[in-house]
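A look at the structure
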Amino acid sequence: MIFAFPLVLLSCSSPDVEDPENHVSLQEKNDLGSELTCLFAGDIMAHKPNFTFGNFKAIYEDIEPLVKSADLSFANLEAPAAKNLEWATYPQFNMKPSYPDAAIEAGFNVFSLANNHTNDQYLQGIKETQEYFSKKSGVWHSGTKEKSAGELDYCVIEKKGWRVLFVALTEILNRQDFASYINYYPYAEFKADVKKRMISDIQALASTVPHDLFVLSLHSCEEEYKRTLTQGRKDFYAELAEKCSIDVIWANHPHVVKPWEIIESPLENGSGSASGVANENNRKVLVMYANGNTISAQRTKLTYDNPNEERDWTGDGLMVKARFAKSGGKVSLLKAEDFLITTYITPKDQYVIRLLDDDFVHSLKRSGFEEKANYFKERINLLKGNK
């Protein structure tokens, strides 16, 4: 799929090593060694319309095969998951464990817990969320600390002979209560001292924790609902990738889809995990600037007469699937591709996720929903930059 945004960064489908045009032989492919596939989604939110209906498994049925096709599938949990607290919607969220249970059953197995809603339910929400995830076998998380002002929280994911270092940070909190229990670096892009501390902390972690692949989740301080990608943000992530030898930067917060790209970053001798792909002095880094909403109720109605309305952008999301290989201690990004998704309100008023593609549009037409079909066709065009 070619995913060309109005602000085009590159074609969002990187060349596969199997492409004959790249002159990669079968033997060279075999020499790459073991492979690992990662899928990166956006925000999992639980507004009142999301959790009132129940039957949370139905939310993910359409995307479950895609989510489970990856070895590791990442999502940002945009709320505490505290079983002893009541459901709560905006502005201070809480979800019962049955809600993330459905996401895990659908195949999501790595969660970022560092975002502006992490401490919506204060210390109890943080602690109960930690307890919930600590009991989940084969599920990993990062973003909150066991004790106040503790060291940077991280996890090492061991999968298929790989060691994946995963760290989740946030630049923004809606409140400062118990911020010391969160991987929190306030407005790091704009505050030189905070950025310096963030880079130093990440460098120390990357240099002391053995790993093959380094994934950083960053909940940004960018303005919500704005699709503009600033040069400052691009430069900030490029600096992080270079100085901290990060292989994947996965950012969220704006609740709308922004571009993703693969950038060239100098190879850091002795401190990095990735190898050069283009040449011995560079490596490929996957950077996602915002993957939008995986599920939410921020779009409660479709603006049929103007699908480009600002709020309509909150109903769509992006999933990026990347394939990595390692050989001789070196890691290469082989391929990355994207998939559009949308939050669809069924005739029974349940909010579910659908793959946003031509098949979905045609299914609406076959069911007699011509107006909806035209709307979502227009949304595809807008997201692909065909308008």
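Quantities reported herein were computed from a predicted structural model and do not represent experimental measurements. (Residues numbered from 1 in each chain as written. Predicted model: local features only at pLDDT ≥ 70, side-chain atom pairs only at ≥ 80, totals over all residues. Heavy atoms only, no water.)

**Re the pairing of strand β9 (residues 260-266)**
The line we're drawing: Exposure is judged per residue with a 1.4 Å probe applied to protein chains only, and the accessible area is read against the type maximum: over 50% gives exposed, under 20% gives buried, and values in between give partly exposed. Secondary structure elements follow DSSP: runs of H or I of four or more residues count as helices, runs of E of two or more count as strands, with numbering from the N terminus. Only when DSSP finds a minimum of two bridges between them are two strands counted as paired.
Among the seven residues in β9, five count as buried, and that is most of the element. In this sheet, strand β10 (residues 282-288) lies alongside β9 in antiparallel orientation, the contact comprising seven bridges. By the bridge assignment, Glu261 is partnered in β10 with Val287.

**Overview of unusual backbone geometry**
Where the residue is not glycine, phi is negative for most of them; where a peptide bond is considered, it is trans in most cases. Omega for the bond connecting Tyr90 with Pro91 falls within 30 degrees of zero, at 10°, which places this linkage in the cis form. In this structure, Tyr122 takes a positive phi of about 60° despite not being glycine. Within the secondary structure, Tyr122 is located in helix α6 (residues 122-134). One non-glycine residue, Tyr187, adopts positive backbone phi at about 55°. According to the relative accessible area criterion, Tyr187 is partly exposed, its value standing at 36%.

**Notes on the pairing of strand β1 (residues 35-44)**
Burial analysis of β1 places nine of its ten residues in the buried class, the great majority of the element. Sheet analysis places β1 next to strand β12 (residues 316-327), joined by six bridges and oriented antiparallel. Within β12, the position partnered with Cys38 by the bridge is Ala322. In this sheet, strand β2 (residues 72-77) lies alongside β1 in parallel orientation, the contact comprising five bridges. Following the sheet pairing, Ile44 is matched in β2 by Leu77.

**With respect to the packing of aromatic side chains**
Our working rule: Whether two aromatic rings pair depends on their centres lying within 6.5 Å, for rings of Phe, Tyr and Trp, where Trp uses its six-membered ring; planes under 30 degrees apart make the pair stacked, over 60 edge-to-face, and the rest tilted. Cation placement over rings: the criterion is NZ of Lys or CZ of Arg within 6 Å of the ring centroid and within 35° of the ring normal.
Per the counting criterion, the structure on display carries 21 aromatic pairs. Pairing Trp87 with Tyr99 gives two aromatic rings, centres 6.2 Å apart and planes at 85°, and the pair type is edge-to-face. Taken as a pair, Trp87 in the loop between β2 and α5 (98-105) and Tyr99 in helix α5 lie far apart in primary sequence, twelve residues in all. Among the aromatic residues, those joined into a cluster by ring pairs are Tyr304, Tyr344, Phe360, Tyr375 and Phe376. Over the face of the ring belonging to Trp313 we find Arg227, whose NZ or CZ atom lies 3.7 Å from the ring centre. If you follow Lys372 out to its NZ or CZ, it ends over the ring of Phe369, 5.0 Å from the centre.

**Points about helix α9 (residues 358-366)**
Quick note on the threshold: Here the arc refers to the set of directions running from the helix axis out to each C-beta atom. We call two residues contacting when some pair of their heavy atoms lies within 4.5 Å.
Within α9 the residues assigned to the buried category are Phe360, Val361 and Leu364. Axial view of α9: buried residues confined to an arc of 100°, hence all on one face. Residues of α9 that are exposed and point over 90 degrees away from its buried face: Asp359 and Arg366. Those residues of α9 that are buried are in contact with β13 (330-345), β14 (351-355) and α10 (370-384).

**Observations regarding the sheet that holds strand β8 (residues 248-252)**
Applicable threshold: For helices, the fitted axis covers only the stretch in contact; all axes are lines through C-alpha atoms, and the angles between them, taken along N-to-C directions, range from 0 to 180 degrees.
Sheet architecture is open: six strands sit in the order β5-β6-β7-β8-β10-β9, paired in mixed fashion. Unpaired on one side and paired on the other, β5 (155-159) and β9 mark the two borders of the sheet. Between one strand and the next, the sheet's axes are offset by a mean angle of 25°, whatever the strand orientation. Relative to β8, strand β7 (residues 213-219) is paired through five bridges, and the arrangement is parallel.

**Looking at the side chain of Arg299**
Cut-off, in case you're wondering: Nitrogen and oxygen atoms within 3.5 Å of one another constitute a polar contact, given that in protein one can donate a hydrogen and the other can accept it, and given that sequence-neighbouring residues count only through two side-chain atoms.
Within the secondary structure layout, Arg299 lies in the loop between β11 (293-295) and β12. At 3.4 Å, the side chain of Arg299 and the backbone oxygen of Gly315 are in polar contact. There is a polar contact of 2.9 Å between the side chain of Arg299 and the backbone oxygen of Thr343. If sequence neighbours within four positions are ignored, Arg299 has contacts with Arg311, Asp312, Thr314, Gly315, Asp316, Thr342, Thr343, Ile345, Tyr351, Tyr375, Phe376 and Arg379.

**So, α10**
Formally: Here, expected helix span is obtained from the residue count minus one, scaled by 1.5 Å.
The terminal C-alpha atoms of α10, which comprises 15 residues, lie 21 Å apart, in line with the 21 Å expected from a rise of 1.5 Å per residue. Every buried residue belonging to α10 is among Lys372, Ala373, Tyr375, Phe376, Arg379, Ile380, Asn381, Leu382 and Leu383, and all of these are buried. Residues of α10 that are buried make contact with β12, β13 and α9. A positive phi of about 75° marks Gly385, the residue just after α10.

**Brief notes about the confidence of the model for the chain**
Atomic detail in the predicted coordinates should be set aside for any region of low pLDDT. Selection rule: Confidence per residue, as judged by the predictor, is encoded in pLDDT with a range of 0 to 100.
Summary statistics for the chain give a mean pLDDT of 90 and a share of 87% for residues scoring 70 or more. Taken element by element, the predicted model of the chain shows its lowest mean pLDDT in helix α1 (residues 26-31) (40) and its highest in strand β3 (residues 110-112) (99). Counting contacts from residues 1-32, a segment whose pLDDT is below 50, to residues more than four positions away or on other chains yields 68 contacts. Taken as a whole, residues 269-278 scores under 50 in pLDDT and shows 32 contacts with residues more than four places along the chain or in a different chain.

**Observations concerning the packing of α9 against α10**
Condition: For classification, angles of less than 35 degrees are called roughly parallel, those exceeding 145 degrees roughly antiparallel, those between 65 and 115 degrees roughly perpendicular, and all remaining angles oblique. What makes a crossing left-handed is the near helix being turned counterclockwise from the far one by less than a right angle; a clockwise turn instead makes it right-handed.
Relative orientation of the contacting elements α9 and α10 amounts to 165°, with a least axis distance of 7 Å. It follows from the interaxial angle that α9 and α10 lie roughly antiparallel. The two elements α9 and α10 cross, and the hand of that crossing is left-handed. In contact with Asp358, Phe360, Val361, Leu364 and Lys365 of α9, α10 contributes Glu370, Lys372, Ala373, Asn374, Phe376, Lys377 and Ile380.

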